[in-house]
Number of protein chains: 2
Amino acid sequence: MSVITVERKVLEKNDAIAQQNREVFKKKNLFTMNLVSSPGSGKTSLIERTIHHTKNKFDIAVIEGDVQTSLDAERVAAYGVPVVQIITQGACHLEAGLVRDAFGQIETNNFEVLFIENVGNLVCPAGYDLGEDLKVVIVSTTEGDDKPLKYPAMFRNASALIINKIDLVPYVNCSTALIEKNALSINPSLKIFKTSCTNDEGIAEWCGWIESKIKR
Amino acid sequence: MSVITVERKVLEKNDAIAQQNREVFKKKNLFTMNLVSSPGSGKTSLIERTIHHTKNKFDIAVIEGDVQTSLDAERVAAYGVPVVQIITQGACHLEAGLVRDAFGQIETNNFEVLFIENVGNLVCPAGYDLGEDLKVVIVSTTEGDDKPLKYPAMFRNASALIINKIDLVPYVNCSTALIEKNALSINPSLKIFKTSCTNDEGIAEWCGWIESKIKR
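Residues numbered from 1 in each chain as written. Chains lettered and ligands numbered in written order. Predicted model: local features only at pLDDT ≥ 70, side-chain atom pairs only at ≥ 80, totals over all residues. Heavy atoms only, no water.

Explain the interface of chain B and chain A residue by residue, including any values.
Contacts between the two partners involve 30 residues from chain B, matched on the other side by 30 residues from chain A. Of the roughly 2300 Å² buried between chain B and chain A, counting both surfaces, carbon and sulfur atoms make up 63%. It is Pro39, Lys150 and Tyr171 of chain B in chain B that bury the most area against chain A; as a group they hold 25% of the surface buried on that side. Across the pair Lys150 of chain A and Asp72 of chain B runs a salt bridge whose closest N-O atoms are separated by 2.6 Å. (Contact = heavy atoms within 4.5 Å. Buried area = accessible area lost by both parts, 1.4 Å probe. Salt bridge = Lys/Arg side-chain N within 4 Å of Asp/Glu carboxyl O.)

I'd love a proper account of the relation of the copies chain B and chain A, names of residues and values included.
Relative to chain A, chain B is turned by 180° and slid 0.0 Å along the rotation axis, the superposed coordinates differing by an RMSD of 0.0 Å. Taken together, the rotation and translation describe the operation of a two-fold axis. Mapped onto chain A, 100% of the interface residues of chain B again fall at the interface, so both copies present the same surface. (Least-squares fit on C-alpha atoms with pLDDT ≥ 70 in both.)

Quick rundown of the pairing of strand E6 (residues 134–140) of chain B? Include the residues and the values.
All names here are of chain B. Across the seven residues that make up E6, a large majority, seven, are buried. Alternating positions in E6 separate into two faces, Leu134, Val136, Ile138 and Ser140 on one and Lys135, Val137 and Val139 on the other, with burial throughout. By the bridge criterion, five bridges tie strand E2 (residues 31–37) to E6 in an arrangement that is parallel. When the sheet's bridge partners are listed, Asn34 is paired in E6 with Lys135. Where E6 meets strand E7 (residues 160–164), five bridges bridge the pair, whose relative direction is parallel. Bridge pairing in E7 links Ser140 to Asn164. (Buried < 20%, exposed > 50% of the residue type's maximum accessible area, 1.4 Å probe, protein only. Helix = DSSP H or I, 4+ residues; strand = E, 2+ residues; numbered from the N terminus. Pairing = 2+ DSSP bridges.)

Residue-level account of the environment of Glu48 of chain B, with values.
Residue and element names in this part refer to chain B. With respect to the element layout, Glu48 can be found in helix H2 (residues 43–54). For the pair formed by Glu48 and Lys194, sequence separation is 146 residues and the distance between their alpha carbons is 16 Å. Those residues in contact with Glu48 that lie beyond four places of it in its chain are Arg75 and Tyr79.

For the side chain of Asn21 of chain B, give the residues involved together with the corresponding values.
Residue and element names in this part refer to chain B. Mapping Asn21 onto the fold places it in helix H1 (residues 14–27). One polar contact links the side chain of Asn21 to the main-chain carbonyl oxygen of Ala96, over a distance of 3.1 Å. When neighbours within four sequence positions are excluded, Asn21 is seen to be in contact with Ala96, Val99, Arg100, Leu130 and Gly131. (Polar contact = N/O pair within 3.5 Å; in protein donor to acceptor, adjacent residues only side chain to side chain.)

Outline the packing of H1 of chain B against helix H4 (residues 96–104) of chain B, supporting the account with residue identities and numerical values.
For any two helices packed against each other, one specifies the crossing angle of their axes together with the interaxial distance. All names here are of chain B. The geometry of H1 relative to H4 is characterised by a closest axis approach of 8 Å and an angle of 35° between their N-to-C directions. Relative to H4, the crossing made by H1 is left-handed. Only Ala96, Gly97, Val99, Arg100 and Phe103 of H4 make contact with H1, whose side of the interface consists of Asn14, Ile17, Ala18, Gln20, Asn21, Val24 and Phe25. Classifying every residue of the contact of H1 with H4 by side-chain character gives seven nonpolar, four polar and one charged. (Axes fitted to C-alpha atoms, helices over the stretch in contact; angles between N-to-C directions. Left-handed = near helix turned anticlockwise from the far one by under 90°. Nonpolar A, V, L, I, M, F, W, Y, C, P; charged D, E, K, R; others polar.)

Kindly report on the side chain of Asp146 of chain A, identifying the contributing residues and their values.
Positionally, Asp146 of chain A belongs in the loop between strand E6 (134–140) and helix H5 (147–150). With residues near it in sequence (within four places) discarded, Asp146 of chain A still touches Asn182 of chain A together with Leu71 of chain B.

With reference to specific residues and values, describe the environment of Gly144 of chain B.
You can see Gly144 of chain B is positioned in the loop between E6 and helix H5 (147–150). The spacing of Gly144 of chain B and Leu178 of chain B is 34 residues in sequence and 9.4 Å in space, taken between C-alpha atoms.

Account for unusual backbone geometry, naming residues and giving values.
Residue and element names in this part refer to chain A. The phi dihedral of Lys165 falls on the positive side, at around 65°, and the residue is not glycine. Looking at the secondary structure, you find Lys165 in the loop between strand E7 (160–164) and helix H7 (176–186). Taking relative accessible area as the criterion, Lys165 reaches 12% and is therefore assigned buried. Positioned with a positive phi, Asp200 is a non-glycine residue whose angle comes to about 65°.

Kindly report on the nonpolar core, identifying the contributing residues and their values.
With 48 residues, the main nonpolar core has Val137 and Leu161 of chain A together with Val137 and Leu161 of chain B as its most contacted residues. When contributions to this core are tallied by element, the ones reaching two or more residues are E6, helix H6 (152–157), E7 and H7 of chain A together with E6, helix H6 (152–157), E7 and helix H7 (176–186) of chain B. Not counting chain neighbours up to four residues away, the residues in contact with Leu161 of chain B comprise Val137, Val139, Phe155, Ile179, Ala183, Leu190, Lys191, Ile192 and Phe193 of chain B. (Core = buried A, V, L, I, M, F, W, Y, C linked by side-chain atoms within 4.5 Å.)

Please set out the pattern of salt bridges residue by residue, giving values where relevant.
Under the criterion given, the structure shown has 18 salt bridges over all chains. Arg75 of chain A serves as the salt-bridge partner of Glu48 of chain A, at 2.7 Å between the closest nitrogen and oxygen. Here Arg75 of chain A lies in helix H3 (residues 71–77) and Glu48 of chain A lies in helix H2 (residues 43–54), a separation of 27 residues in the sequence. Of the residues examined, Arg75 of chain A reaches a relative accessible area of 30% and is grouped as partly exposed. The salt bridge partner of Glu180 of chain B is Lys194 of chain B, with a shortest N-O separation of 3.0 Å. Taken as a pair, Glu180 of chain B in helix H7 and Lys194 of chain B in strand E8 (residues 191–194) lie far apart in primary sequence, 14 residues in all.

Structural measurements only, silent on function.
Shown next, in the form of structure tokens:
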């Protein structure tokens, strides 16, 4: 596990670096996902369950983004996969240059899937291409069913939506059908999964979809 | 209910306007709170329960901030209190000039308490003074107990912490004691409330604290 702390002003153009990242990822035949959500929606838990469920099928590396701590990287490192933590020191989103630097610190080439866990923020990361194949937006049932309408850019720019914490639906005022309807009204091509990282509902389907995307 | 949509570039200095706002609020003997949290932590629900519980004790006005919709203002307006919606059109936080403009659109002087509900974002609003008496940060138990460590600026700049959705503790992997410990490690002077907007636990204590702050 490595830690990168943001200390220099990012002067380079984000989109140009993102395109360079994309070319590097393509040459290495990686399937790369940029995971975006509110704080506490379950990005790290989803990565943990995905690693657990796919350990005999394909290999995963992880770049973690966080404002201040390396707690998430420590959780993921416990699974024995390569992980680099980016600490943004207050910045509200990852940028492509940080991802490039973090990617350079991954000490192995033995993986087919790269997760980039963005800073927990449903607004700012929407506008920053990191060079990923696609963005996956995660929303938990405890956040209510109006989030796609209130934070449309994130849902518009994502290719997949994970409705997480579905085990909590009996206890909260939230309709997963309404989340789906609201999200599809913003972005009709969203691929939608419903998951629980507590009882693993939906995890197999999600992992199967990732496997179908791997570039071998 | 009014709606303000951000269309002009904010050129004026935020802090100078915040100070002007503070002087206006002081002249009017208002107790003003800037509510900040992740999306879906329950800011609007907390305002709703507070209005309901205090309707015979004091009067409340509300300024709502949202990236895209006026859904929250519609919810609050149903309680018959004055409310103005600011739509930031993608911007990730409220600024003092927007609050000044919104405040000017409140059509009555008959209130003692002003809630400013910020954009759902646990990062960016931390740095923007709006002229409020104090910031209240809300974190829900479903977000996990590590949020104060991961988003320290928000907890450092707040005067009160509301741990919301405590009715869901039996169903989630979260210790409210650990939230408290983590939050107090960042900001030892935080006043902490534990609430549920579903069963109203803790709401009376919260409302009593607000009443103690009213400047009559």
